[in-house]
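Residue strings, one per chain:
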Amino acid sequence: MIQRHFSIALVGLILGLLLVLQFRTANQQEPAVPGDRAHELTVELKALTTERAGLESVARDLEGKLARARLGYVQAEETIKAQIREAAVLAGMTRVAGPGVRVIITSRTGATPPGAIFAVRDEDLLKLVNELRAAEAEALSINGQRLISTSAIRLAGSHINVNLQRITPPYEILAIGDPIALRNSLEIKGGLVETMRDWGMDVTIETQNRIVIPPFKRPLVYDYTEPVAEASH
Amino acid sequence: MIAVQFRLYRDIQESVPVQRVQRLMAEVQAARKERDQLQERVATLRAELDAATAQTGLQPLKKRLDRYQIEAGIVPVRGPGVEVILEDSNVALQPGQNPNLYVIHDEDILRVLNELRVAGAEVLAVNNERVLAGTEVRCIGPSILVNTKRLAAPFRITAIGDPDNLESALKMRGGVVDTLQQFWGIRVSIKKMDQLTIPAFKGSQEFTYARPYLEEK
């Protein structure tokens, strides 16, 4: 009797386990959402490929420089100067030119619905600049102030400061990059510019073949930061 | 049942979409490894070049190069500063409330960064992604894109500069952090650090459109 109960229990246990396993396997198919993942991975793969190509060219360039620098003092000096020239462009310390967009923002006088609340604020400019960065702008300026990694855009009293310099309306943002992509990033339906226009701001966006953006005008000061010498293991 | 189980398992293994994902995953992993190796190689070459140009007469030039390379994110840096950690709200939502208002947005990170800049931050990073002149911060679904890399909460913002200044700028009454905490319940912790390390920008930078300015004839 006990034996019979036992075997029934055993069969029940095995059946149960199998069922659970079966369900779990069947469920595994659900969350895979394969199309989506494959898409995401492909995007990542593409990004990695470009990154790799970029790094390869950097490595080749550095090899060339290293070989030259080892020839002697004069060559070493030349190499540093070449490095300075290249880094200066990336650091925003040189005047640059290229295609891009010119964006003009003004608060519409009079027609502004509830007054000063909807005047142009620092965060509006901050967000516009962020959109342009997302569209891969390579150089940016607001009213002649070049934007670098540490440029703050901030309301101070009733004015907006950029790089600690007071700027006054109309605000002019210049961006160098793919003009169409830059313009589209701002004019997307339901996007930032549409909202700003609803708030009574005038925003005009012009694509241009040649935009000139000035260098960052103050010296770069690092009182707290030091470069870390990379260990060459 | 065992037969069904077996077939189901084989189906999963052999279904084209899954195979495709597995294949892509392997490729991505290989590409990542190669990328990391190249990054290391570039770092080594930079160190060697640094050593090859260490003559004393070149020091003034190298000081200048250092400054430019810090701003351009070419070299990793260290220094004192603050670490700010932002976490989504744990406020229990009332039915009908918009949960979107209680998670961290790109805007919040932008504003914290901006505030740190006002307080004199010299170098900034979000989850160890170096912030450069062209760095964007954007919401994509539940994650945030910085330097086109997907980051997920909690967000760790690091800034090198005067720790006291940076901290007090954030803690100002009615300031950014106040707003985030009081209105949206976003959890913010600020810690002063004696020593922070911020890595170099991880991609390669090259301008496609911007060229050094030349006078037009």
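Residue numbers restart at each chain and count upward from 1, following the sequence in its written direction. Lettering of chains starts at A and numbering of ligands starts at 1, both following the order in which they are written. Per-residue local features of the predicted model are confined to residues with pLDDT of at least 70, and side-chain atom pairs are confined, for both listing and counting, to 80 or more; whole-chain, interface and lining totals are unaffected and use all residues.

Section: the overall build of chain B
Here is step 1 of the chain: Numbering of helices and strands runs from the N terminus; a helix is a DSSP stretch of H or I covering at least four residues, while a strand is a stretch of E covering at least two. A count of helical and extended segments in chain B gives six helices and nine strands.
Here is step 2 of the chain: Within these notes, the globule rule equals 2.2 Å times the number of residues to the 0.38 power, and the radius of gyration is based on C-alpha atoms. Taken over the C-alpha trace, chain B has a radius of gyration of 23 Å; the compact-globule value for 217 residues is 17 Å, which it surpasses by more than 25%.
Here is step 3 of the chain: Along the first, second and third principal axes, the C-alpha atoms of chain B reach 80 × 50 × 45 Å.
Here is step 4 of the chain: Counts of 20 or more other C-beta atoms within 10 Å of a residue's own C-beta define buried residues, counts of 12 or fewer define exposed ones, and intermediate counts define partly exposed ones; C-beta atoms are placed from the backbone. Expressed as a percentage of the 217 residues in chain B, the buried residues total 35%.

Some thoughts on the pairing of strand S5 (residues 143-146) of chain B
Residue and element names in this part refer to chain B.
Here is step 1 of the chain: Here S5 shows one buried face, formed by Ile 144 and Val 146, and one open face, formed by Ser 143 and Leu 145.
Here is step 2 of the chain: Here strand S4 (residues 137-140) pairs with S5 via four bridges, running antiparallel. Across the sheet, Arg 138 pairs through a bridge with Leu 145, a residue of S5.
Here is step 3 of the chain: Count of turn residues in the S4/S5 antiparallel hairpin: two residues, of which Gly 141 carries a positive phi of about 55°.
Here is step 4 of the chain: As paired strands, S5 and strand S6 (residues 149-151) are joined by three bridges and run antiparallel to one another. Across the sheet, residue Leu 145 finds its bridge partner in S6, namely Arg 150.
Here is step 5 of the chain: Here, strands pair whenever DSSP counts at least two bridges between them. Once S5 ends, the chain turns through two residues before running back antiparallel as S6, passing Asn 147 with a positive phi of about 50°.

Some points on the nonpolar core
Here is step 1 of the chain: In these notes, a nonpolar core means any group of buried Ala, Val, Leu, Ile, Met, Phe, Trp, Tyr and Cys residues linked to one another through C-beta atoms within 7 Å. Formed by 96 residues in total, the largest nonpolar core has its most connected members in Ala 87, Leu 140, Ile 173, Ala 175 and Ile 176 of chain A together with Ile 109 and Leu 116 of chain B.
Here is step 2 of the chain: With seven residues, helix H3 (residues 73-90) of chain A is the single largest residue contributor to this core.
Here is step 3 of the chain: C-beta atoms are placed from the backbone for every residue, and two residues are taken to be in contact when these atoms lie within 7 Å. Each residue touching Ala 175 of chain A, except ones within four places of it in the same chain, is listed here: Gly 100, Val 101, Leu 132, Ala 137, Leu 140 and Leu 182 of chain A.

Description of the sheet that holds S4 of chain B
All names here are of chain B.
Here is step 1 of the chain: A sheet is described by the order of its strands in space; here three strands give the open sequence S4-S5-S6, paired in antiparallel fashion. Because the sheet does not close on itself, it has two edges, and the strands there are S4 and S6. Shown here is a sheet whose adjacent strand axes are inclined to one another by a mean of 35°, direction ignored.
Here is step 2 of the chain: Orientation is described by lines fitted to C-alpha atoms, with helices fitted over the stretch in contact, and by angles between N-to-C directions that extend from 0 to 180 degrees. Its contacts with the sheet place helix H4 (residues 106-118) against S4 and S5, and it is angled at close to 165° to S4.

Overview of helix H4 (residues 122-134) of chain A
The periodicity of an α-helix, 3.6 residues per turn, causes residues three or four places apart in sequence to face the same way.
All names here are of chain A.
Here is step 1 of the chain: In a regular helix each residue adds 1.5 Å, so 13 residues correspond to 18 Å; H4 covers 18 Å between its end C-alpha atoms and thus fits that length.
Here is step 2 of the chain: Those residues of H4 that sit buried are Asp 124, Leu 125, Leu 128, Val 129, Asn 130, Glu 131, Leu 132 and Arg 133.
Here is step 3 of the chain: Downstream of H4 by a residue or two, Glu 136 has a phi angle that is positive, lying close to 70°. Multiplying 1.5 Å by the helix residue count minus one yields the expected span of that helix.

Some details on the confidence of the model for chain B
Here is step 1 of the chain: One confidence number per residue, pLDDT, is output by the predictor and ranges from 0 to 100. Summarising the model, chain B shows a mean pLDDT of 86, and 94% of its residues fall at 70 or more.
Here is step 2 of the chain: Overall fold confidence (pTM) sits at 0.81, and the ipTM for the predicted complex is 0.83.

Thoughts on the pairing of strand S2 (residues 123-126) of chain B
Residues and elements named next belong to chain B.
Here is step 1 of the chain: The alternating pattern of S2 places Val 123 and Ala 125 on one face and Leu 124 and Val 126 on the opposite face, and all of these are buried.
Here is step 2 of the chain: In terms of strand pairing, S2 meets strand S7 (residues 155-160) through four bridges, oriented antiparallel. By the bridge assignment, Leu 124 is partnered in S7 with Ala 159.
Here is step 3 of the chain: Alignment of S2 against strand S3 (residues 129-130), held across two bridges, turns out to be antiparallel. Looking across to S3, one finds that Ala 125 is bridged to Arg 130.
Here is step 4 of the chain: Linking two consecutive strands that pair antiparallel, namely S2 and S3, is a turn of two residues; a positive phi of about 45° is found at Asn 127 within it.

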